[in-house]
Protein chains: 2
Amino acid sequence: MTDAPRFCIHLDNVSSKHPVFHMTAAAAQAALAEHPAAADRIAIRIGWDGEGLAEALPQTDMLVCARVPALDLRRHAPRLRCVHATGAGIDGMLPLDWLPDGVVFTNSSGVHAAKAQEFALMALLMLNSRLPQIMTRQHAASWHQVFTGRAADKTVLIIGFGDMGRAAGRAARQLGMRVIAATRRGAASPDADVMYSIAALDSVLSQADMVVLATPLTAATRHLLNASRIAAMRPGAGLINVARAGVIDGSALREALHRGHLSGAVIDVFEQEPLPPDSPWWSTPNLIITPHISSDDADRYIVDALGIAIRNALALLDGAPLTNVVDGDRGY
Amino acid sequence: MTDAPRFCIHLDNVSSKHPVFHMTAAAAQAALAEHPAAADRIAIRIGWDGEGLAEALPQTDMLVCARVPALDLRRHAPRLRCVHATGAGIDGMLPLDWLPDGVVFTNSSGVHAAKAQEFALMALLMLNSRLPQIMTRQHAASWHQVFTGRAADKTVLIIGFGDMGRAAGRAARQLGMRVIAATRRGAASPDADVMYSIAALDSVLSQADMVVLATPLTAATRHLLNASRIAAMRPGAGLINVARAGVIDGSALREALHRGHLSGAVIDVFEQEPLPPDSPWWSTPNLIITPHISSDDADRYIVDALGIAIRNALALLDGAPLTNVVDGDRGY
């Protein structure tokens, strides 16, 4: 035991978020219990909606939050070394002009992988079985048998091959599917059979029975899947979006689902959430709407996100390299 | 080449069935192509809805059909050695009083395993993610986030552990789930972690987060899942039926879904198919209705079913043991 001052982590909660995302004392205890090395070296305090932040920041070494902090960190947080985002997609916190020089920004990328793999597995199987069509028929009290072959014989194209994309790749591999991936650089990955650069997307789209969007939302990926690229997809192909709504031209997608060019879609992310009752998505046929649940494990999410923060706190104390550092220019 | 008379297989189609189930010349050719040993020894003829059956039967060694034959086989088919059913569930052809003494009755059990495994994988994941609830909400244009843990941490009980049940067991294993199975005899299986006799069902039901019905429909399994057994399931548990509608008390299940005792169900089989527009199932909440598509692979089904028939024909010619022989007393 030493009397050295502890490394102070402040957790700033957003109370309006779903309880699954609340960093409670129980979650902090569970995360600390998984990191015995942190026991005497790290102190965790918990706040809600910025309350107490002004008092806490002067002693804070790491701030864990889901939004841009309400206070000027340059003025209030002289000891601050790291800001950790509880999410993986941090497009809502860009640009990083609020981040003081020399303070590292990290995210919780990776926390979602196991749950995201299960979601991708489900969504790929639903598309292959034409569940979106079957659900549209069920709403109309209409029995309509559609028989399909096995997913095992199909090809999937995964656009974006970070944690979420690779999780989808592993899911497709579990099904015996052929996996094509497309990323900014097109560097080979063990989780894909073939890898392309996104620059080649126009010619690759027609190879796939199903397309999964798993790319971060950046200026470069906004409306990446536009009307002409949707038209380039195979007739009867299916689409999964677990990325951000902005990577698709929504009205072009709805049109393709109405026309039947695509056999179905599983969409987890929307421009406005909760999706308002008068949204045109609700009346789009052959569409399964999942309410942004593709990757957050109710049992593990916050404990695992805090685990990343704790391991990085220990790394800062020990002068070791950090994980999950965000590149503000790249946007992820 | 010999001049010995060929073994004659007659395929009697039901034209009103979905084309996926039609034994076409192309399907017969594909099945023969996979069995070169049959080339000079087996002749296949194709009929529709019993037409030409009276002319064909005197020369027929094996009849392949989906229904009880329209003609008295004792009178018309003196050479008959085997009747092969294109389905796996043969409850619709019981009792076997139409089957002449000494003629073997075989079914297509096993043909469905690969597709059934994919369906079970999808259904287990849908139940775990509360898709039935989410679909009911989507129908009402209502966004409602439900977060769940991973399927990997859950337990499934599979009732009936023949080809379909074991396929569900392998699917659950793919997800890392704990697999409990219950069968008539309760004999251990490598595809289950624990095996019970169906006699112990009442005390086993409460152990499972999800229950899969995969038992044949017999006098012993009719309404196996009755109101008291549904009540014995865990609150929030999910149910999958890929067996036959008759193994469940349907009104008790609908009531449990309305009350919310079960979190959801995926039901593939109904007393009346197609399900009529005024069926109470259509308005049952937290229910995903799949139109009897859980196990028929559009690309492989008939070719694989004919493959069993062809292999058994070769076995009969060679005096070797047959596969897929149905026990008429047991009912499967």
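Residues numbered from 1 in each chain as written. Chains lettered and ligands numbered in written order. Predicted model: local features only at pLDDT ≥ 70, side-chain atom pairs only at ≥ 80, totals over all residues.

Digging into unusual backbone geometry
Residues and elements named next belong to chain A.
Phase 1 of the analysis: Each neighbour pair has its own omega, and for E273 with P274 the value is -5°, a cis peptide bond.
Phase 2 of the analysis: Despite not being glycine, H292 shows a phi value in the positive range, around 50°.
Phase 3 of the analysis: Mapped onto the elements, H292 comes out in the loop between β12 (287–289) and α10 (301–318). (Helix = DSSP H or I, 4+ residues; strand = E, 2+ residues; numbered from the N terminus.)

A word on the domain arrangement of chain A
Residues and elements named next belong to chain A.
Phase 1 of the analysis: Taken as a whole, chain A is organised into domain 1 (7–111 + 297–318) and domain 2 (113–289).
Phase 2 of the analysis: Computed over C-alpha atoms only, the centres of domain 1 and domain 2 are separated by 33 Å.
Phase 3 of the analysis: On the side of domain 2, 8 residues touch domain 1, which itself brings 6 residues to the contact.
Phase 4 of the analysis: The class makeup of the residues in the side of domain 1 that touches domain 2 is 1 nonpolar, 3 polar and 2 charged. (Domains from an automatic or database assignment. Contact = placed C-beta atoms within 7 Å. Nonpolar A, V, L, I, M, F, W, Y, C, P; charged D, E, K, R; others polar.)

A look at the relation of the copies chain B and chain A
Phase 1 of the analysis: Of the transformation placing chain B onto chain A, the axial shift is 0.0 Å and the rotation is 180°, giving an RMSD of 0.0 Å. Expressed as an axis order, the relation between the two copies is that of a two-fold axis. Proximity to the rotation axis, assessed at the C-alpha, singles out B:M122 in chain B; its C-alpha lies 2.6 Å from the axis. (Least-squares fit on C-alpha atoms with pLDDT ≥ 70 in both.)

Looking at the interface of chain B and chain A
Think of interface size as the accessible area that goes away when the parts come together; that is how it is often given.
Phase 1 of the analysis: Chain B puts 40 residues into the contact, and the matching count from chain A is 40 residues.
Phase 2 of the analysis: When residues of the side of chain B that touches chain A are traced back to their parent elements, those giving at least two are α4 (113–128) and α5 (131–139) of chain B.
Phase 3 of the analysis: Element by element, the count of residues in the side of chain B that touches chain A is highest for α4(B), at 7 residues.

Details of the pairing of strand β9 (residues 210–213) of chain B
Residues and elements named next belong to chain B.
Phase 1 of the analysis: Burial of β9 is two-sided: the residues M210 and V212 facing one way and the residues V211 and L213 facing the other way are all buried.
Phase 2 of the analysis: Of the strand pairs in this sheet, strand β6 (residues 155–159) and β9 are connected by 4 bridges, and their pairing is parallel. Along β9, the bridge assignment pairs I158 with V212.
Phase 3 of the analysis: Pairing of β9 with strand β10 (residues 237–241), which is carried by 4 bridges, proceeds in the parallel orientation. (Buried ≥ 20, exposed ≤ 12 C-beta atoms within 10 Å, placed from the backbone. Pairing = 2+ DSSP bridges.)

Looking at the sheet that holds strand β8 (residues 194–197) of chain A
Residues and elements named next belong to chain A.
Phase 1 of the analysis: The strand order β8-β7-β6-β9-β10-β11-β12 describes an open sheet built from 7 strands, whose pairing is parallel. Of all strands in the sheet, those with a lone pairing partner are β8 and β12, marking the two edges. Each strand of the sheet is rotated relative to its neighbour by a mean of 15°, with strand direction disregarded.
Phase 2 of the analysis: One ladder, built from 5 bridges, connects strand β6 (residues 155–159) with strand β7 (residues 178–183); its direction is parallel. Counted as the bridge partner of I158 is A181 from β7. (Axes fitted to C-alpha atoms, helices over the stretch in contact; angles between N-to-C directions.)

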